[in-house]
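Structural overview for review
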Amino acid sequence: MIDFNSIYFGCSDADTEAERKPQIFTKVFFDPHNHLDQLINGNEFILLGRKGEGKTTYGAQLRLTADEHNIHTYRQSLNNFSNTIFSQIKTSSKITGNRYISFWKCVLLIKCAEMINQKEPNVQSRDFDDIINALSQYGFISNDQDKDICITVKKIIESDTTLNVKDIIQHKRKYDHSQVLRGADEIYTAIKNSIQNLYFQKRFILVIDGLDDLLQYSDFDPDIVTGLIRAANEINKAFKTKELSLKILLFIRQDILNLCRDPNLSKISRDSSIKLSWLLSSDDLYDSDLIKLVGKRIDAVTGRENSFSEVWQEVFPEKINGRDSLEYVLENIIYRPRDILQFFIEVQKVFIPNKKLTPEKIQQVLIAYSNDYFVTAMTDELTGFFPNEVVTQLPHVLAMMGEKYFYLKQFEEECKKYPEFTDVSARSILEKLFEAGYIGQHRPRERKDYTVFAYRNQWERFIDADECILHRGLMRAFSI
């Protein structure tokens, strides 16, 4: 029997796993639909997925294998903004239309110039040197690789230089005249002109992630994300025809994108996005991408291919409550990599070498999984969409209802008992829980009612009149 504890199922965060065990990370990385190649070489620049579906995993793999793909990568995260900064962006009256497009084009190209300067420090271009010197002088870029995009944004906003810049770029050659650039568009154009004809053996990819954290601010404006997407799209189009090979990638949660409204956004998303999906095969569970993802980690230990089924039969009971054990377990998770890997990590905590797990032991594991991971995953996913006090109190509200099945009206009545929910729509909470997969619904039909979960069928939508049902992971946590 295999030593199940010798299998590395990773960490809850892909960046942490990539940092701790980079060689194993790259070996077990699973990309069944060749999305990484699309992001590097194709027209796609937006990677969409639910929380926990692996967007960060792709970013980490991109960084670890950059040399293999002959690229330079530069990751910038949006997780350090403050309310004050967003407020200042929003109240600016000098940007028309989507007020953020020009702003983001300027910021993104500043970071691209910083990337080029750090990755290829010996550029032989006086125009580029002038740009870098000027941007450094004003604190927009630095040689510190840990300086993230939020610091650049803050510097630009607080100094008002994106809107009315004087003497930012001054050519100080003997016979040159000073050049004054006014506004984000002029700065963007100057940087683009200085880098578009540069040639390098490697290509440059700027990766923007951390958009999840934008939700934590009460003054979040979806136009910020819309402007970022449109700015990245314009830059990518511009550099398709330039000497410099430059591309910007955006990793975005699907539910954040759903908040954005723009006439051109659906076209951009349709033509230039990749949507991660881990639906199970209805014909053969073992042939599903989600199971194969786990199998890659098992194969790394066994030295064989497709060894998941063999190891499952060795370690797990054949039946649980009269049902196939794998089917039973999968009903207690949501179909995404983080969820299933966390389940196996919980299994390792109780596994005894050379001893097969019993159905009772699996029940014990599932209870621990629900309490230690599943409920927290739910609150993490809701954070930003609702006030923190509502998110914190929600598990208690659901537990106090004490019902596996319930209707919207019942949930509304329970919410009225808690002052935290006074100004929050109970319906909007259930709709979000349904979209994220933490509740399902019964759909009535003539012959027999059937149950739907959005993570099993992305086309399903919350219907007010239909009965709701808690996910099994929540039932266990709430002892329902």
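Keep in mind that what you see is a predicted model, and the values were worked out from it rather than measured.

Conventions and cut-offs
Residues numbered from 1 in each chain as written. Predicted model: local features only at pLDDT ≥ 70, side-chain atom pairs only at ≥ 80, totals over all residues. Heavy atoms only, no water. Pairing = 2+ DSSP bridges. Helix = DSSP H or I, 4+ residues; strand = E, 2+ residues; numbered from the N terminus. Axes fitted to C-alpha atoms, helices over the stretch in contact; angles between N-to-C directions. Buried < 20%, exposed > 50% of the residue type's maximum accessible area, 1.4 Å probe, protein only. Contact = heavy atoms within 4.5 Å. Salt bridge = Lys/Arg side-chain N within 4 Å of Asp/Glu carboxyl O. 1 Å grid on protein atoms, 1.4 Å probe; cavity = no way out; pocket = protein on both sides within 12 Å on 5 of 7 lines; lining within 4 Å. Points joined across faces, edges and corners; volume = space filled by probe spheres on them. Nonpolar A, V, L, I, M, F, W, Y, C, P; charged D, E, K, R; others polar.

Let us look at the sheet that holds strand β4 (residues 246–253). What links the strands of a sheet is backbone hydrogen bonding, and the strands pair in either a parallel or an antiparallel sense. The five strands lie next to each other as β2-β3-β4-β1-β5, forming an open sheet whose pairing is parallel. Across the chains shown, the open sheet's two edge strands, defined by having one partner strand only, are β2 (71–77) and β5 (273–275). This sheet shows a mean twist of 20 degrees between the axes of neighbouring strands, independent of strand direction. Across seven bridges, β2 lies against strand β3 (residues 203–209) in parallel orientation. If you follow His-72 over to β3, its bridge partner there is Phe-204.

Bringing the pairing of β3 into the picture now. Taking burial as the measure, the seven residues of β3 include six buried ones, the bulk of the element. In the sheet, β3 pairs with β4 via five bridges, with the strands oriented parallel. Considered in β4, the bridge of Phe-204 is made with Leu-246.

As a further point, take the sheet that holds strand β8 (residues 405–406). Read from one edge of the open sheet, four strands run β8-β11-β9-β10, paired in antiparallel fashion. Because the sheet does not close on itself, it has two edges, and the strands there are β8 and β10 (450–452). Where strand β9 (residues 439–443) and β10 come together, three bridges link them in antiparallel fashion. Across the sheet, His-442 pairs through a bridge with Thr-451, a residue of β10. Sheet strands touched by helix α20 (residues 426–436): β8, β9, β10 and β11 (468–470). Its angle to β9, the strand with the most contacts, is close to 95 degrees.

Let's shift gears to the pattern of salt bridges. One pass over the full model with this rule turns up 25 salt bridges. Here Arg-427 ties to Asp-464 by a salt bridge, and the two come within 2.6 Å at their closest N and O atoms. Of the two residues, Arg-427 sits in helix α20 while Asp-464 sits in the loop between β10 and β11, which places them 37 residues apart along the sequence. If you follow the salt bridges from partner to partner, you end up with Asp-15, Arg-63, Arg-75 and Asp-209 in one network.

With respect to burial, β4 is a largely interior element, eight of its eight residues being buried. Bridge count between strand β1 (residues 46–49) and β4: four bridges; the pairing is parallel. The residue bridging Leu-48 from the neighbouring strand is Ile-252, located in β4.

Moving on, we come to empty space enclosed by the protein. Counted according to the given criterion, the structure contains one cavity of 30 Å³ or more. Each pocket or cavity is described by its volume, and for the largest cavity that value is around 30 Å³. If you trace the largest cavity, you find it lined by Trp-312, Leu-326, Val-329, Leu-330, Ile-333, Ile-340, Phe-343 and Phe-344. Counting residues per element, the ones that place at least two in the lining of the largest cavity are α15 (325–330) and α16 (337–350). Its residues assigned to classes, the lining of the largest cavity comprises eight nonpolar, no polar and no charged.

Residue Asn-306 is not a glycine yet carries a positive backbone phi of 55 degrees. Tracing the sequence through the fold places Asn-306 in the loop between α13 (289–302) and α14 (308–315). Note on Asn-306: relative accessible area 63%, which makes it exposed. The phi angle at Ser-479 is positive, at roughly 55 degrees, despite the residue not being glycine. The exposure class of Ser-479 is exposed, given its relative accessible area of 70%.

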